[in-house]
Structures are given as C-alpha cells and as structure tokens.
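# Architecture at a glance
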Amino acid sequence: SLLLAVTGGAAGCLLAAALLRIFVAIAPEGIPRLQQATVDLRVLLFTLTVSLVSGIVFGLAPALQHPRAETLAGWRSLGARQYLFRHSLVAAQICASLVLATGASLLLRSLWNLQNQPLGMRTGSVLTATVTLGQNSYAEPASQLAFFEELERRLRRIPGVTQVALSDSLPLSGTARSTIYSVIDVAGRPRAAEGTGGMVTWRAVTPGYFAALGVPILRGRGFREEDRDPQQKAVILSDSLARRLFPGEDPLGKQIQPGRSGPWRTVIGVAGNVKNSALMERDDPEFYVVRKHAAEPFGRTATAILSGPIDPTALARWVRAEVAALDPTLPVNIETFGQRVGKLAQRPRFNAWLLGLFAGMGLLLSAIGLYGVVSFLVAQRTGEIGVRMALGATPGAVARLVLGHAARWTFAGTALGVIGSWFAARSLDAMLFHVSARDPWILAAAVAALWVTAMLAAWVPSRRAARVDPMQALRQE
C-alpha cells in the first residue's frame with residue numbers, strides 16, 4: 001500500500017508540474033504574476049504527505065479488523081461494512097465527477113455561444129493598424145489632420161485593398177467615446193431627465209468605415225466625401241439608438257444635438273447594431289460622426305481599417321512601409337480583426353478548458369474506482385458465480401448481474417451529483433453567456449457521459465465474470 005501511495009504521489013507531482021507549464025503557455029494575458037507560478041515545495045510536501053497517510057490508513061485498516069470465522073473459512077469473503085465503505089467511496093467519486101462535468105459542460109456551451117454570437121460586422125479579410133502620434137511632434141490638430149489624411153491616401157493605393165477607413169476607435173476595444181443618453185436632445189421635444197437612459201457610444205469615422213467592416217446601412221445612406229466638408233453636420237444612428245430616440249417614427253431627416261454644447265446634426269442613415277463592448281456585455285446604442293477635412297480635436301490616435309482579398313502578412317508589410325515613409329519613429333500595432341475578436345474569448349476559453357480537464361480527470365478517477373471495486377467483487381464472488389452458472393445461469397445473466405450491481409452505486413453517486421451540481425452551478429453564473437446555470441439538457445448530457453464511462457469501466461469485469469469456468473470455481477470452493 002505504501003509503495004502504491006508513494007508511486008502515485010510522485011507521478012501526480014510530475015503530472016502537476018507538466019500541466020502547470022501547459023496552463024502557463026495557454027493562459028490569456030492579464031493574469032497577475034502568472035509567469036512566476038511554480039509548483040511550490042510546500043505543496044509538494046503536502047501532496048506526498050497525504051499520499052503516505054492514505055497508504056498507511058487504507059493499508060492498515062483491513063489488517064486491524066477482526067476477521068470472522070466464516071471469512072477465514074471462505075464462506076463469506078466480504079463483510080457488510082467493507083462492502084458499504086468501498087462502494088460509498090465510489091459513489092462519492094461519481095458525485096464529484098458529475099459536479100465537475102456539469103460545470104465544464106456549462107462553460108463549454110457558454111464558450112460556444114460566445115464565439116458564435118452575431119457581431120453585426122464581418123471579421124474575415126479585415127486588417128487593422130493603430131497609429132499613435134507623438135505628443136511633441138504632433139501637438140497641433142492641424143498636424144494630426146495632415147498626417148492621417150496623407151496616410152489614408154497612401155493606404156488607398158495599396159494593391160488588392162478594396163476598402164480603407166479611419167476611426168478613432170474600433171468595436172470590441174472598450175476605448176470608444178461615450179456620452180449620457182439624457183444629454184442627446186431631439187429637435188421639437190423636451191429634454192430628458194438628467195442622468196437617465198445609460199450611456200451611448202460614438203465614433204468619428206471616414207466614409208469607408210461601414211463598407212470596410214461590413215456594417216449594413218438599414219435605412220438612408222452612409223457617409224460620403226461631401227459630408228466631410230466642415231459645414232456639413234451629418235450623423236448616423238445605430239438601429240437600437242434610432243428606436244429609442246424615435247420610437248415608431250422615421251428618423252431620417254430629424255435633428256439631434258448629441259451634446260448640450262455641440263452642433264445640431266441631421267440624421268442621414270441608420271446602421272445595423274454592432275457589438276461595442278466586451279463579448280459578454282450587452283450592446284450599447286451608438287451614433288457616428290464623420291471625420292472632416294478640418295483640424296478637429298479627434299485625438300492623436302487613429303486606427304486604419306483595410307479590407308480586401310489579400311494575404312494579411314503581405315498587407316501588414318505594406319502598411320508598415322507606408323507609415324514608416326511618413327514617420328519612421330511612429331509605432332504601429334497591426335492585427336487582423338479576427339485576432340482582435342479572438343483575444344476577447346481567451347479568458348472564457350481558458351476557464352472552460354481548465355475545468356474541462358479537471359472534469360476529465362474526475363471521470364477517469366471514477367472509472368478507475370468503479371473498475372477496481374467491481375473487479376474485486378468479481379474475484380471475491382468467483383465461487384458464487386460458478387454455482388450460479390452450474391445451476392443454469394447464462395454468461396449474459398452473470399454479466400447483467402455484475403453490471404446491475406455497478407449501476408446501483410452509479411445511480412447513488414449520480415443522484416448526489418445532480419443535487420451538488422444544482423447548487424455548485426450558482427458560482428458559475430457570472431462566467432456564463434446565454435446559457436442557464438441550471439440547463440436541464442446540459443445536466444442530462446453530463447449524466448449520460450458519466451454513465452457511459454461508468455458502464456464501460458464495469459463492462460470489463462462483467463465480461464470476466466461471464467467467462468468463469470463453473471467446474472474450476474467449484475473445485476476451488
């Protein structure tokens with residue numbers, strides 16, 4: 001028993017060290033001090049101590065019991081207490097495995113919903129390049145305007161690029177500007193109460209923005225080059241904001257004032273809703289204004305959006321060359337839009353795979369435990385099985401007898417696991433997306449997976465029991 005315990009504990013420590021390296025390699029950014037994570041010596045000592053204590057306790061426990069005469073004579077090979085204790089341990093393993101499997105299934109389903117939710121825009125064949133101008137070299141709005149307009153002209157000349165746009169922010173970045181809904185005035189209506197309605201996102205974009213990202217214009221039109229004239233005051237609303245500002249009305253041609261001190265703007269179009277914030281957060285309403293051919297304080301940072309059937313690696317080289325031709329000292333951050341969206345799903349993906357791994361290990365432990373107990377039971381009841389077969393029991397009936405025995409304790413563990421899963425799922429509510437923590441189908445799938453694993457573990461001993469030779473078993477008896 002001690003030999004098994006020490007061997008298992010040492011193997012577990014080695015496996016833990018290997019898994020830690022894997023977790024660090026696949027973990028998303030933002031976890032504090034992750035690169036400093038190691039298998040602590042105190043953890044190793046604790047693990048080995050538990051292994052030794054387990055080996056001693058479970059090795060000595062059977063030896064310290066007072067055997068009965070009929071046990072020594074071979075009439076009864078398994079006492080009621082040992083029988084109950086061994087199978088209770090298996091039921092507890094099955095219970096814990098079901099809790100882990102249910103949690104992993106919920107997170108995997110949530111991850112699937114997260115990665116397949118509609119974003120309102122396309123992510124393929126889109127490259128983004130963010131440029132931040134130096135504070136000293138580009139201190140004036142006029143110099144900022146000159147740089148970005150020249151950059152836009154250069155990017156349009158890249159072969160294979162079909163759409164080019166500039167924006168002060170991108171969807172899903174969390175850096176868009178916003179204003180309070182209550183400060184948006186509608187011509188001919190009284191002002192809304194202060195501080196009501198939540199936040200409204202807004203962006204300053206060039207006319208090619210909607211085509212570059214594939215955002216549909218549902219009504220009206222998108223921006224044109226003539227809208228960039230400083231005298232024009234056009235605005236495009238997202239569908240959700242248009243429905244809030246003009247319920248049951250046609251918003252086209254209406255006048256709004258996005259800020260109490262800003263100019264009145266005319267609604268020229270309604271765009272489809274896009275995912276603005278993080279993937280798991282609700283969509284904010286949004287409006288767009290055009291980047292004009294004027295020195296307006298839009299900031300020193302802008303993102304170029306390029307789309308077209310061209311290799312992203314080759315396109316990135318072109319973009320870097322064009323930025324360097326204008327100012328070789330400027331940093332530029334280039335990535336595909338698909339990569340940008342994929343980063344936002346890294347943490348949920350990591351959580352799902354982490355819990356999924358633990359759930360798989362739990363199922364494996366349950367299978368090993370059930371296999372060991374059923375195998376021991378078959379070995380102890382070899383004589384009884386031989387008598388049954390000598391009296392006419394078929395191999396199929398013997399196999400069903402063993403499987404039925406395993407099914408009873410699997411059912412007990414499953415019943416406890418369902419109750420445990422029901423309560424444990426509450427702790428996952430904040431990590432789930434568009435899936436209920438008490439989804440009956442997910443629980444049913446976890447139960448089905450557990451039962452398949454348990455029955456496969458019991459199937460091998462049941463087949464061994466079905467192949468028992470009655471004459472050989474009776475001679476041993």
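Residues numbered from 1 in each chain as written. Predicted model: local features only at pLDDT ≥ 70, side-chain atom pairs only at ≥ 80, totals over all residues. Heavy atoms only, no water.

### A look at the overall build of the protein
When helices and strands are tallied, the protein shows 14 helices and 12 strands. Taken against the 2.2 N^0.38 rule, which gives 23 Å for 477 residues, the C-alpha radius of gyration of the protein at 34 Å runs more than 25% over that of a compact globule. Dimensions of the protein along its principal axes, counting C-alpha atoms only, are 105 × 50 × 40 Å. Within the span of the protein, comprising 477 residues, buried residues form 41% of the whole. Taking the intrachain contacts of the protein between residues at least 6 apart in sequence as the baseline, contacts between residues at least 24 apart amount to 81%. Distance from the positive charge centre (48 side chains) to the negative charge centre (31 side chains) of the protein: 10 Å. (Helix = DSSP H or I, 4+ residues; strand = E, 2+ residues; numbered from the N terminus. Rg over C-alpha atoms; globule rule 2.2 N^0.38 Å. Buried < 20%, exposed > 50% of the residue type's maximum accessible area, 1.4 Å probe, protein only. Contact = heavy atoms within 4.5 Å. Lys, Arg positive; Asp, Glu negative; His and termini not counted. Charge placed at Lys NZ, Arg CZ, Asp CG, Glu CD.)

### Description of the pairing of strand S12 (residues 332-336)
When you tally the buried positions in S12, you get four out of five residues, the bulk of the element. Taken together, the five bridges between strand S1 (residues 126-132) and S12 define a ladder with antiparallel strand orientation. Paired with Leu-127 across the bridge in S12 is Thr-336. (Pairing = 2+ DSSP bridges.)

### Brief notes about the layout of surface pockets
The computed volume of the largest pocket comes to approximately 1400 Å³. Taken together, 31 residues line the largest pocket, and the ones lying closest to its centre are Ser-54, Phe-58, Leu-89, Gln-93 and Leu-365. Contributing elements (two or more residues each) for the lining of the largest pocket: helix H1 (2-26), helix H2 (41-64), helix H4 (80-116) and helix H10 (346-380). (1 Å grid on protein atoms, 1.4 Å probe; cavity = no way out; pocket = protein on both sides within 12 Å on 5 of 7 lines; lining within 4 Å. Points joined across faces, edges and corners; volume = space filled by probe spheres on them.)

### Here's the deal with the packing of aromatic side chains
Aromatic ring pairs: the centre-centre distance and the angle between the two ring planes describe each pair. Tallied over the entire structure, the rule returns seven aromatic pairs. Measuring from ring centre to ring centre gives 5.7 Å for Tyr-209 and Tyr-288, while their planes differ by 50 degrees; the resulting arrangement is tilted. In this pair, Tyr-209 is assigned in helix H6 (residues 209-213) and Tyr-288 in strand S10 (residues 286-290), connecting sequence segments 79 residues apart. For Tyr-209, a relative accessible area of 1% puts it in the buried group. Under the relative-accessibility criterion, Tyr-288 is labelled buried at 0%. The lysine or arginine in question, Arg-244, covers the ring of Tyr-181, its NZ or CZ lying 4.1 Å from the ring centre. A cation over an aromatic ring shows up here: Arg-291 above the ring of Phe-148, its NZ or CZ 5.7 Å from the ring centre. (Phe/Tyr/Trp six-rings, centres within 6.5 Å; stacked < 30°, edge-to-face > 60°. Lys NZ or Arg CZ within 6 Å of the ring centre and 35° of its normal.)

### Some thoughts on the pattern of salt bridges
One pass over the full model with this rule turns up 14 salt bridges. Asp-227 serves as the salt-bridge partner of Arg-221, at 2.8 Å between the closest nitrogen and oxygen. A relative accessible area of 24% means that Arg-221 is categorised as partly exposed. A residue is classified by how much of its surface remains accessible, and Asp-227, at 3% relative accessible area, is buried. (Salt bridge = Lys/Arg side-chain N within 4 Å of Asp/Glu carboxyl O.)

### Structural notes on the pairing of strand S2 (residues 163-167)
Counting buried residues in S2 gives four out of five residues, a clear majority hidden from the surface. Of the pairings in the sheet, the one linking S2 to strand S11 (residues 301-307) comprises five bridges and is antiparallel in character. Note on S11: the bridge partner recorded for Gln-163 is Ser-307.

### Some points on H1
In this model, H1 (25 residues) spans 36 Å end to end at C-alpha, consistent with the 36 Å of a helix rising 1.5 Å per residue. Of the residues making up H1, those classed as buried are Ala-5, Gly-9, Cys-13, Leu-19, Phe-23 and Val-24. (Expected span 1.5 Å × (residues − 1).)

### Some points on the packing of helix H12 (residues 395-424) against helix H13 (residues 440-466)
At their nearest, the axes of H12 and H13 sit 9 Å apart, and the two run at 150 degrees to each other. Viewed along their axes, H12 and H13 adopt a mutual orientation that is roughly antiparallel. The crossing of H12 and H13 is right-handed. Facing H12, whose interface residues are Pro-395, Val-398, Ala-399, Val-402, Leu-403, Ala-406, Ala-407, Thr-410, Phe-411, Thr-414, Val-418 and Ser-421, H13 presents Leu-443, Val-447, Leu-450, Trp-451, Ala-454, Met-455, Ala-458, Trp-459, Ser-462, Ala-465 and Ala-466. Partitioning the contact of H12 with H13 into residue classes produces 19 nonpolar, four polar and no charged. (Axes fitted to C-alpha atoms, helices over the stretch in contact; angles between N-to-C directions. Parallel < 35°, antiparallel > 145°, perpendicular 65-115°, else oblique. Left-handed = near helix turned anticlockwise from the far one by under 90°. Nonpolar A, V, L, I, M, F, W, Y, C, P; charged D, E, K, R; others polar.)

### Things to note about the confidence of the model for the protein
When pLDDT is averaged along the protein, the result is 82, and 90% of the positions lie at 70 or above. Within the model, pLDDT remains below 50 along residues 70-78, and this stretch shows 11 contacts once partners closer than five positions in the same chain are excluded. (pLDDT = per-residue confidence, 0-100.)

### Re empty space enclosed by the protein
Counting across every chain of the model gives three cavities of 30 Å³ or more. Considered as a void within the structure, the largest cavity measures approximately 130 Å³ in volume. What lines the largest cavity is a set of 15 residues, among which Leu-145, Phe-148, Arg-291, Lys-292 and Phe-298 lie closest to the centre. Of all the elements, helix H5 (residues 141-156) adds the most residues to the lining of the largest cavity, at six residues. Across the lining of the largest cavity, the residue classes tally to six nonpolar, three polar and six charged.

### As for the side chain of Arg-265
Of note, Arg-265 is situated in strand S9 (residues 265-271). On the basis of relative accessible area, Arg-265 is assigned to the buried category, the value being 14%.

### With respect to the environment of Phe-223
Structurally, the position occupied by Phe-223 is in the loop between strand S6 (217-220) and strand S7 (234-238). For Phe-223, a relative accessible area of 6% translates into the label buried. Counting along the chain gives 83 residues from Phe-223 to Glu-140, while the straight-line C-alpha distance between them is 26 Å. Setting aside its immediate chain neighbours within four residues, Phe-223 contacts Val-205, Pro-207, Phe-210, Ala-234, Val-235, Ile-236, Ile-268, Tyr-288, Val-289 and Val-290.

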